[in-house]
Amino acid sequence: MRIDFLWYPDCPSHPEARELLAGVLRELDLEAEIVERVVESKAEAEELAFPGSPTIRVDGRDIDPEGARTRPALTCRTYQWSDGRFQPLPEKSLLIEALTANRENEGADQLKEASP
């Protein structure tokens, strides 16, 4: 599993988001290659379809596809939580869902490969 962790230096929530991600990986006992990328220019934001900081993608899929639809920008990102509030960090359950869905997809792929 590859996790891309994209962040903008002027956004103060990225260290806490990185800690949240690490904690969820430990909790789920998952190993992943985490690739951090600092997005520092408008051109990079557009090239990466960067909707704001922090952005977390699991094997290329944004953990919050709805929130990823915003225009690329050098800004802080917000996540809508299940209670309707907007927060600067993803809800823990959103991370868990993205990571476990990916694990289930990997398991299904391995079964397909093992089938004659």
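A quick note: this is a predicted structure, and the numbers were derived from the prediction, not measured. (Residues numbered from 1 in each chain as written. Predicted model: local features only at pLDDT ≥ 70, side-chain atom pairs only at ≥ 80, totals over all residues. Heavy atoms only, no water.)

Moving on to the pattern of salt bridges. Tallied over the entire structure, the rule returns 9 salt bridges. One salt bridge in this structure joins D62 and R77, with 3.0 Å as the shortest N-O distance. In this pair, D62 sits in strand β4 (residues 61-62) while R77 sits in the loop between β4 and β5 (79-80), placing the two residues 15 residues apart along the sequence. Under the relative-accessibility criterion, D62 is labelled buried at 13%. (Salt bridge = Lys/Arg side-chain N within 4 Å of Asp/Glu carboxyl O. Helix = DSSP H or I, 4+ residues; strand = E, 2+ residues; numbered from the N terminus. Buried < 20%, exposed > 50% of the residue type's maximum accessible area, 1.4 Å probe, protein only.)

Our focus in this paragraph is the sheet that holds strand β3 (residues 55-58). Taken in spatial order, the 4 strands of this open sheet run β2-β1-β3-β4, and their pairing is mixed. Of all strands in the sheet, those bounded by a partner on one side alone are β2 (33-38) and β4. Summarising the sheet, strand β1 (residues 2-7) and β3 pair through 4 bridges and their orientation is antiparallel. Pairing of L6 across the sheet is with T55, part of β3. (Pairing = 2+ DSSP bridges.)

A few words on the pairing of β3. Neither face of β3 is left uncovered, since the one carrying T55 and R57 and the one carrying I56 and V58 both have all their residues buried. As paired strands, β3 and β4 are joined by 2 bridges and run antiparallel to one another. Considered in β4, the bridge of V58 is made with R61. The hairpin formed by β3 and β4 contains 2 residues between the paired strands, and D59 there has a positive phi angle of roughly 45°.

Moving on, we come to the side chain of R57. Relative to the helices and strands, R57 resides in strand β3. The buried charged residue R57 lacks any salt bridge, with D62 as its nearest oppositely charged partner at 4.1 Å. Here the side chain of R57 touches L48 through a polar contact of 2.9 Å, landing on its backbone oxygen. (Lys, Arg positive; Asp, Glu negative; His and termini not counted. Polar contact = N/O pair within 3.5 Å; in protein donor to acceptor, adjacent residues only side chain to side chain.)

What follows deals with helix α1 (residues 14-28). With 15 residues, α1 extends 21 Å from end C-alpha to end C-alpha; this agrees with the ideal 21 Å at 1.5 Å per step. Looking at α1, one finds that the buried residues are H14, A17, L21, V24, L25 and L28. Axial view of α1: buried residues confined to an arc of 100°, hence all on one face. Of the residues in α1, the exposed ones pointing more than 90 degrees away from the buried face are E16, E19 and R26. Following α1 by one or two positions, D29 adopts a phi angle in the positive range, close to 55°. (Expected span 1.5 Å × (residues − 1). Arc of directions from axis to C-beta.)

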